[in-house]
Amino acid sequence: MIRAYGQDMRDPDAPRLPSSPGFWRSPLRGPWFTSVLGLVLLAGITVLFVTGLVSYAAYNPDLSPVNDKTPDKGILGFYLFAWPTHPHWLYRLNQGVHVTLGITLIPVLLAKLWSVIPRLFALPPARSLTHALERISLLLLVGGALFEFVTGVLNVQLDYVFPGSFYPLHFYGAWVFFAAFVAHVLLKLPTALRNLRQLRHPGEEQNDLVTPRPAEPTVSRRGALWFVGGGSLLLFVTTAGQNFDGALRRTALLAPHGGGEPGSGPNGFQINKTAAYAGISAAERGEDAWRLVVTGRTGTVRLSRAQLAELPLHSSALPIACVEGWSTSDQWWRGVRLRDLAALVGYDADDRPDVFVESLQRRGAFRSAALRANQVADPRSLLALYVNGEELSPDHGHPARIIVPAAPGVLNTKWVARMTFGDL
Ligand SMILES: Nc1nc2c(c(=O)[nH]1)N[C@H]1C(S)=C(S)[C@@H](COP(=O)(O)O)O[C@H]1N2
Ligand SMILES: [Mo]
């Protein structure tokens, strides 16, 4: 006799529909298991949401449209603030936490969804108006969570495979998801906390998730949690290394590999987009062709690289920290202070202009960026000519690149051609 897949050989009356009581048979399901996972996600997702919003603020989106990847945000930008330059590893920490934690939480999210899957099929679809509203909010919650995790991982791993830009999708998705998340937490938190305190022992549990026809247990509730935690730990140790160099970096098996192989030597740290990718030729970077065009209150100054190198040079130790969650340790940059360049075109120490920076690059979203007055004024902010004691390599932005403390990588424009100081 042929039996339907999933039917119990010893029990010809086993339910066939996922909506039938008794179709879902894992003895793990129940209020305790769901509550533990839910509380881990409550803490973790709150951190993801906050670090995500903070990451967006770090782009200086309210300073200039070129920085703003979600121009239609309206009141969702209510919280934006002027991004500081201290401590210099601020964005590195924020984004490292955001991406590493997001990846680490994937097994917890999947286990949580698995633990409540019978409810997806529960019939009738709605018992009352309240119940209907609750289920709709759950759709936004589950759909929103999956959407945020999938868009985040794809952006980190594959770059730009989306219809349109990653930023608006992930940003608006985060707000939709978080609204549903807050509603869900308000509804469920008291129960979840009670479940943890009261239901220490399997078998005492009762709710719609507890199966009426439990299968033989293959693992205890605690064993299952260790399994989920082990998955998270594995993802953590294969991701976190992308925030460091050397041997630790090689443990980052899941890290994106960026635009190019950095190789070794002074310029041997992660490269986002190579000069070739950005379409920067050796000829236009050459001493004869390249001039830095600096504009400000008193007009325009053109400087060759040799002239730049004769201005007072300063060093600062600063990391590159990308939105994708990788970062380098501090590198030694050497170049001209941004505030000294501002002084060349008429801004003395009391004037604090913003600056609009443009690259030689002709296309691409990151070819220009705006920096805020506090970033220009910081003595560690440089137009760098050298890194770690050598000329900048073409891939790291030769002839000159911006480097600013605490800022996201995207504001550190490479192959700089033009700087316009003033109020943006
Ligand atoms: N002109 C230009 N500058 C750019 C970019 C770019 O695509 N074009 N990418 C930015 C991004 S997203 C990052 S993370 C840093 C990376 O710098 P690196 O490649 O030297 O590590 O460069 C920034 N500067
Ligand atoms: Mo980046």
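None of these values were measured; they are calculated from a predicted model.

About the cut-offs
Residues numbered from 1 in each chain as written. Chains lettered and ligands numbered in written order. Predicted model: local features only at pLDDT ≥ 70, side-chain atom pairs only at ≥ 80, totals over all residues. Heavy atoms only, no water. Near = heavy atom within 4 Å. Polar contact = N/O pair within 3.5 Å; in protein donor to acceptor, adjacent residues only side chain to side chain. Areas by Shrake-Rupley, 256 points an atom, 1.4 Å probe, with all protein chains shown as cover. 1 Å grid on protein atoms, 1.4 Å probe; cavity = no way out; pocket = protein on both sides within 12 Å on 5 of 7 lines; lining within 4 Å. Sits in = over half its atoms within 2 Å of the grid points. Nonpolar A, V, L, I, M, F, W, Y, C, P; charged D, E, K, R; others polar. Axes fitted to C-alpha atoms, helices over the stretch in contact; angles between N-to-C directions. Helix = DSSP H or I, 4+ residues; strand = E, 2+ residues; numbered from the N terminus. Parallel < 35°, antiparallel > 145°, perpendicular 65-115°, else oblique. Left-handed = near helix turned anticlockwise from the far one by under 90°. Contact = heavy atoms within 4.5 Å. Points joined across faces, edges and corners; volume = space filled by probe spheres on them. Core = buried A, V, L, I, M, F, W, Y, C linked by side-chain atoms within 4.5 Å. Buried < 20%, exposed > 50% of the residue type's maximum accessible area, 1.4 Å probe, protein only. Domains from an automatic or database assignment. UniProt positions renumbered as here; feature names shortened; annotations may be inferred. Pairing = 2+ DSSP bridges. Buried area = accessible area lost by both parts, 1.4 Å probe. Salt bridge = Lys/Arg side-chain N within 4 Å of Asp/Glu carboxyl O.

Undergrad: So, the site of ligand 1: which residues are in play, and what are the values?
TA: Close to ligand 1 lie 18 residues, the nearest being Gln270, Gln361, His396, Arg401 and Lys414. The backbone of Asn412 places a nitrogen or oxygen atom 3.1 Å from a nitrogen atom of ligand 1. Lys414 places a side-chain nitrogen or oxygen 2.5 Å from an oxygen atom of ligand 1. Out of a free accessible area of 530 Å², ligand 1 has 98% covered by protein chains. If you map ligand 1 onto the pockets, it falls in the second largest pocket. Within the shell around ligand 1, the residues separate by chemical class into seven nonpolar, eight polar and three charged.

Undergrad: Could you give me a rundown of the packing of helix α1 (residues 31-57) against helix α7 (residues 221-237), with the residues and numbers involved?
TA: Contact geometry for α1 and α7: axes closest at 11 Å, N-to-C directions at 30°. Our classification of the angle between α1 and α7 gives roughly parallel. Crossing angle aside, the handedness with which α1 passes α7 is right-handed. Counted together, Trp32, Phe33, Val36 and Leu37 of α1 and Arg221, Arg222, Ala224, Leu225 and Val228 of α7 form the full contact between these two elements.

Undergrad: Describe in detail empty space enclosed by the protein, supporting the description with residues and values.
TA: Within the structure shown, the criterion is met by three cavities of 30 Å³ or more. Considered as a void within the structure, the largest cavity measures approximately 590 Å³ in volume. In this structure, the largest cavity is lined by 28 residues; those nearest its centre are Gly52, His98, Glu148, Phe166 and His170. Elements with a contribution of two residues or more to the lining of the largest cavity: α1, α2 (90-104), α5 (129-158) and α6 (166-198). Class assignment of the residues belonging to the lining of the largest cavity gives a composition of 19 nonpolar, eight polar and one charged.

Undergrad: Describe the nonpolar core, and please don't skip the residues or the numbers.
TA: Formed by 55 residues in total, the largest nonpolar core has its most connected members in Leu292, Trp333, Leu341, Leu383, Met419 and Phe421. Considering each element in turn, this core owes the most residues, six residues, to strand β7 (residues 382-387). Here this core gathers at least three residues from each of two domains, domain 1 (3-242) and domain 2 (275-421). Excluding residues that lie within four positions of it along the chain, Leu341 makes contacts with Leu292, Val294, Leu303, Leu308, Leu311, Val336, Leu383, Met419 and Phe421. By size, the runner-up hydrophobic cluster in this structure holds 33 residues, among which are Leu28, Leu53, Tyr56 and Phe178.

Undergrad: Give a description of the UniProt feature "domain: Oxidoreductase molybdopterin-binding" (unreviewed entry) in the protein that names residues and reports values.
TA: The sites that carry the UniProt feature "domain: Oxidoreductase molybdopterin-binding" (unreviewed entry) are, in the present numbering, residues 287-421. For residues 287-421, the end-to-end C-alpha separation is 24 Å, with 13% helix and 36% strand making up the annotated structure.

Undergrad: Can you tell me about the pairing of strand β1 (residues 292-296), naming the residues and giving the values?
TA: Of all five residues in β1, four are buried, a share of seventy percent or more. Where β1 and strand β2 (residues 299-303) come together, five bridges link them in antiparallel fashion. Within the sheet, the bridge partner assigned to Thr295 lies in β2 and is Thr300. In textbook terms, the turn of a hairpin is the stretch between consecutive antiparallel strands, and for β1 and β2 this stretch comprises two residues. Relative to strand β10 (residues 416-422), β1 is paired through three bridges, and the arrangement is parallel. In the strand pairing of β10, Val293 is matched with Arg418.

Undergrad: Describe in detail the side chain of Asp378, supporting the description with residues and values.
TA: Residue placement: Asp378 occurs in the loop between α13 (373-377) and β7. When near neighbours in sequence (up to four residues on either side) are disregarded, Asp378 contacts Thr85, His86 and Pro405.

Undergrad: Report on the layout of surface pockets, specifying residues and quantitative values.
TA: Its boundaries defined by the atoms lining it, the second largest pocket holds a volume of some 730 Å³. Together, 35 residues line the second largest pocket, and Asn272, Lys273, Gln361, Ala365 and Phe366 are the ones closest to its centre. Only α6 and α9 (275-278) provide two or more residues apiece to the lining of the second largest pocket. Classifying every residue of the lining of the second largest pocket by side-chain character gives 16 nonpolar, 12 polar and seven charged. Residue contributions to the lining of the second largest pocket reach at least three from each of two domains, namely domain 1 (3-242) and domain 2 (275-421).

Undergrad: Give me unusual backbone geometry: which residues, what numbers.
TA: Following Leu123, the chain continues into Pro124 via a peptide bond in cis, with omega recorded as -5°. Here Pro124 is to be found in the loop between α4 (117-120) and α5. Here the bond from His398 into Pro399 is cis, since omega is 15°, no more than 30 degrees from zero. Take Pro399: it is sitting in the loop between β8 (390-391) and β9 (401-403). Phi is positive for Asn388, which is not a glycine, with a value near 50°.

Undergrad: Can you lay out the domain arrangement of the protein for me, pointing to particular residues and giving the numbers?
TA: The domain architecture assigned to the protein consists of domain 1 (3-242) and domain 2 (275-421). Its C-alpha centre places domain 1 at a distance of 41 Å from the equivalent point of domain 2. Between domain 1 and domain 2, the residue contacts involve 30 residues of the former and 32 residues of the latter. Roughly 2,500 Å² is buried in total at the junction of domain 1 and domain 2, and carbon and sulfur atoms are behind 53% of that figure. The interface formed by domain 1 and domain 2 contains one salt bridge. Ionic pairing is found between Asp62 and Arg372, a salt bridge with its closest N-O pair at 2.9 Å. In this structure, the connection of domain 1 to domain 2 is made through 15 residue pairs in polar contact (both at pLDDT 80 or more).

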